[in-house]
Structures are given as structure tokens and as C-alpha cells.
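Coordinate inspection notes
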Amino acid sequence: MISSSVPDVTFWAERGGLLFRQARHAASMKQAALASVSGTSRTTLSAYEHGRKSPTLETAGRILDAAGFRLVLEPKIELTSGVADGRRFHVPSRLPRLPAAQALGAVRLYGAGYDLADRDQRREAYTVLLREGEPEQLLDHVDGVLLVELWDDLVLPAAVRSGWLPLVEEARGARTRV
């Protein structure tokens, strides 16, 4: 038996349903209202939201558009691991971009709280995250643009710095080419 790392249809239907629910709730719309505005029925929208049915790409785009969102293609971020000072650290394949509220929000890491809107606290949080953060923590709290801005002020082990440096240099290179 050959196993595949590709999630099955049920996974994608449920994931799509979650996106529709999130978009509808963010738009403060009831199912009937979103269904009406997007040109589908409430029962069909409910089936999409609960993963019982999968829409075409065109229909998904129309529903999300009606809720005030766009259907976009975004590169997947893969993580590689290394070890520095006896601790595992992770490096993404590209720098993540976060929504402003998330990038400048509050985070609790290993018992300490940080306000990411405050540059000094963000520097401390990013130092902790880059040195020992779990993959999910990195993707949830490290914004690429804010990291590049802080980069020269971060105190990091050599292995961590060299792991992240190509991403920072690539971002800085893109900035100088403009």
C-alpha cells in the first residue's frame, strides 16, 4: 500500500468550510444573508461550511468576495531545524507576513508576556522566538518586515543568525532594488 502525504478530500472540504465560516463571521453576516449576496442558497452554503459539499473555485471566490475577502494564492512556508546551544531552532523557507493586528499584538512565551507593538519588547520576543520558538509560534508571531527592521539589534547564537541571515539579506536586497 502506498501512502500519500496529500490530505484527502474530506480534509480540504473541512478546511474550506472553516474558511467560509471565518469569512462570514468576520463580515458579521448570517448564512442566509451571505448566501443571498453570493448567489447561492443557504442550505448549499451550510453544506460548504460543514464540509459536506465542495464548491468550484469560481463559487468559492464569489462567496468569499461577497463576505469582503479575496481568494489568493500564497506560497507555503516550510521549516528546517538546527541546533544552537543545545536547543532546537527553526528557520522558515521564506519570511512570513502577518496581519498588522497579529504582528503588533501581545504574546506569551515561556511564562513571559510581550507587547509586540513595543519595539524593545518585540526585540526580546523575537530573540526568544528565533532561538527556541516552536514552528507554530514563529509563524504566528514573527513578521518578516518587522524582523528585518530589528535584525541588527537581535542577540542570537551564530547558528541561528546564519540560518536566518539569507532570508534577511534577500528581503534587504529586494528593498535596495526598488
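Structure: above.
Report on the accompanying structure.

Rules of the game
Residues numbered from 1 in each chain as written. Predicted model: local features only at pLDDT ≥ 70, side-chain atom pairs only at ≥ 80, totals over all residues. Heavy atoms only, no water. Buried < 20%, exposed > 50% of the residue type's maximum accessible area, 1.4 Å probe, protein only. Helix = DSSP H or I, 4+ residues; strand = E, 2+ residues; numbered from the N terminus. Pairing = 2+ DSSP bridges. Core = buried A, V, L, I, M, F, W, Y, C linked by side-chain atoms within 4.5 Å. Contact = heavy atoms within 4.5 Å. Salt bridge = Lys/Arg side-chain N within 4 Å of Asp/Glu carboxyl O. Expected span 1.5 Å × (residues − 1). Arc of directions from axis to C-beta. Phe/Tyr/Trp six-rings, centres within 6.5 Å; stacked < 30°, edge-to-face > 60°. Axes fitted to C-alpha atoms, helices over the stretch in contact; angles between N-to-C directions. Parallel < 35°, antiparallel > 145°, perpendicular 65-115°, else oblique.

Before going further, it helps to examine the pairing of strand β3 (residues 106-109). The alternating pattern of β3 places V107 and L109 on a buried face, while none of A106 and R108, on the opposite face, is buried. From the end of β3 to the start of strand β4 (residues 112-115), which pair antiparallel, there are two residues, and Y110 there has a positive phi angle of about 50°.

With that settled, the discussion passes to the nonpolar core. Counting 28 residues, the largest nonpolar core has Y126, L130, L147, W151, L154 and W164 as its most contacted members. Ignoring any residue separated from it by four or fewer positions in sequence, one finds W164 in contact with H90, V91, P92, L95, L130, L138, L147 and W151. Core analysis: the second largest hydrophobic core is formed by 11 residues, F20, A23, L45 and Y48 among them.

Oppositely charged side chains can form a pair if their charged atoms are brought close together. On inspection of all chains with the given rule, the structure shows 11 salt bridges. Across the pair K76 and E78 runs a salt bridge, and its minimum N-O distance is 3.6 Å. What makes K76 exposed here is its relative accessible area of 66%. With a relative accessible area of 46%, E78 lands in the partly exposed category. Between R172 and D152 there is a salt bridge; the shortest N-O distance is 3.3 Å. Here R172 is found in helix α9 (residues 158-177), whereas its partner D152 is found in the loop between α8 (144-150) and α9, with 20 residues between them in sequence.

The first and last C-alpha atoms of helix α1 (residues 9-26) sit 26 Å apart over 18 residues, in line with the 26 Å expected at 1.5 Å per residue. Those residues of α1 that sit buried are A13, G17, F20, A23 and R24. Down the axis of α1, the sector holding all buried residues measures 130°, keeping them to one side. Exposed and oriented more than 90 degrees from the buried face of α1 are H25 and A26. Looking at the buried positions of α1, the neighbouring elements they touch are α2 (31-38), α3 (42-49) and α4 (57-66). Of the residues one or two after α1, S28 is the one with positive phi, at around 55°.

Here we take up the packing of aromatic side chains. The final tally for this structure, using the stated rule, is two aromatic pairs. Each ring, one from F11 and one from W12, has its centre 4.9 Å from the other, and the planes form 85°; the classification is edge-to-face. Residue F11 is classed as partly exposed on the basis of its relative accessible area, which comes to 32%. On the accessibility criterion, W12 (47% relative accessible area) is partly exposed. On the basis of an interplanar angle of 35° and a centroid distance of 6.0 Å, the ring pair of F20 and Y48 is categorised as tilted. Placement of the pair is F20 in helix α1 and Y48 in helix α3, with a sequence separation of 28 residues. Given a relative accessible area of 8%, Y48 falls into the buried group.

This brings us to the packing of α1 against α4. Direction vectors running N to C along α1 and α4 enclose 20°, while the axes themselves pass 9 Å from each other. Judged on the interaxial angle alone, α4 and α1 are roughly parallel. Residues L19, F20 and A23 of α1 touch α4, and the partners they reach there are A60, I63 and L64.

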